[in-house]
Amino acid sequence: QVQLKESGGGLVQAGDSLSLSCVASGRSFDYYMSWFRQGPGKDREFVAGIDYKDGDTLFADSMKGRFTISRDNAKNTVYLQMNSLKPEDTAVYYCAAGRLFIRMSSAYPFWGQGTQVTVSS
């Protein structure tokens, strides 16, 4: 089983940047890694994902250009760099691992506990 732990969330102002980290432990880190988020009163949505084999990435269209996903396989860590943050980005951000490189949350069996990101006006 893969265990995931997110960190780096906090309170920022609109326009600020924030970097989230997700550290994996347990089994070998041979999984596709993705970030999801769930804002207040909203459904969980896909943010970005990264291929463990070649680093290919997927982004939600609304976040492309502002957010960047990267990985460090040696550290079993995936990152989400968020720039130009907006109040609409306020959400709990979750790290997820799975064997399919897709946007559907149900395809990911392993999840972290989430880290809160709050963006004020």
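Details of the structure are given in the entry above.
Please read these numbers as outputs of a predicted model, since none were measured by experiment.

### Observations concerning the overall build of the protein chain
And step 1. Assigned secondary structure in the protein chain consists of zero helices and eleven strands.
And step 2. Against the compact-globule benchmark of 14 Å for 121 residues, the protein chain has a radius of gyration of 13 Å, which places it among compact chains.
And step 3. Projected onto its principal axes, the C-alpha coordinates of the protein chain cover approximately 40 × 25 × 25 Å.
And step 4. Put simply, the protein chain has 121 residues, and 43% of those count as buried.
And step 5. Looking at the protein chain as shown, the accessible area adds up to about 6,100 Å², and 46% of this sits on carbon and sulfur atoms.
And step 6. Across the protein chain, the centroid of the 13 positively charged side chains sits 3 Å from that of the 12 negatively charged ones.

### Examining the state of the cysteines
And step 1. Using the criterion set out here, one finds one disulfide in the structure.
And step 2. Each sulfur in the disulfide pair cysteine 22 and cysteine 95 lies 2.1 Å from the other. Handedness here is read from the sign of the S-S torsion; for cysteine 22 and cysteine 95, about -80 degrees, the answer is left-handed. Remark: cysteine 95 occurs in strand β9 (residues 91-98) and cysteine 22 occurs in strand β3 (residues 18-26); sequence separation between them is 73 residues. Across the pair, cysteine 95 and cysteine 22 agree in class, each one buried.

### Observations regarding unusual backbone geometry
And step 1. In this model, asparagine 76 sits at a positive phi of 50 degrees, which is unusual for a non-glycine residue.
And step 2. With respect to the secondary-structure elements, asparagine 76 resides in the loop between β7 (67-72) and β8 (77-82).
And step 3. Here the phi dihedral of serine 84 falls at roughly 50 degrees; this positive angle occurs in a residue that is not glycine.
And step 4. By secondary structure assignment, the location of serine 84 is in the loop between β8 and β9.
And step 5. Serine 84 gets classed as partly exposed once you look at its relative accessible area, which sits at 40%.

### A look at the side chain of arginine 66
And step 1. Inspection of the secondary structure puts arginine 66 in the loop between β6 (57-59) and β7.
And step 2. A polar contact is formed between the side chain of arginine 66 and the side chain of aspartate 89, at a distance of 2.8 Å.

### Quick word on the pattern of salt bridges
And step 1. Counted under the stated rule, the structure contains four salt bridges.
And step 2. Arginine 66 serves as the salt-bridge partner of aspartate 89, at 2.8 Å between the closest nitrogen and oxygen. Here the residue aspartate 89 occupies a position in the loop between β8 and β9, and arginine 66 occupies one in the loop between β6 and β7, the gap between them amounting to 23 residues. Pair check on accessibility: aspartate 89 and arginine 66 agree, each one buried.
And step 3. Each of Arg37, Glu45, Arg66 and Asp89 takes part in a single network of salt bridges with overlapping partners.

What counts and what doesn't
Residues numbered from 1 in each chain as written. Predicted model: local features only at pLDDT ≥ 70, side-chain atom pairs only at ≥ 80, totals over all residues. Heavy atoms only, no water. Helix = DSSP H or I, 4+ residues; strand = E, 2+ residues; numbered from the N terminus. Rg over C-alpha atoms; globule rule 2.2 N^0.38 Å. Buried < 20%, exposed > 50% of the residue type's maximum accessible area, 1.4 Å probe, protein only. Areas by Shrake-Rupley, 256 points an atom, 1.4 Å probe, with all protein chains shown as cover. Lys, Arg positive; Asp, Glu negative; His and termini not counted. Charge placed at Lys NZ, Arg CZ, Asp CG, Glu CD. Disulfide = S-S within 2.5 Å. Polar contact = N/O pair within 3.5 Å; in protein donor to acceptor, adjacent residues only side chain to side chain. Salt bridge = Lys/Arg side-chain N within 4 Å of Asp/Glu carboxyl O.

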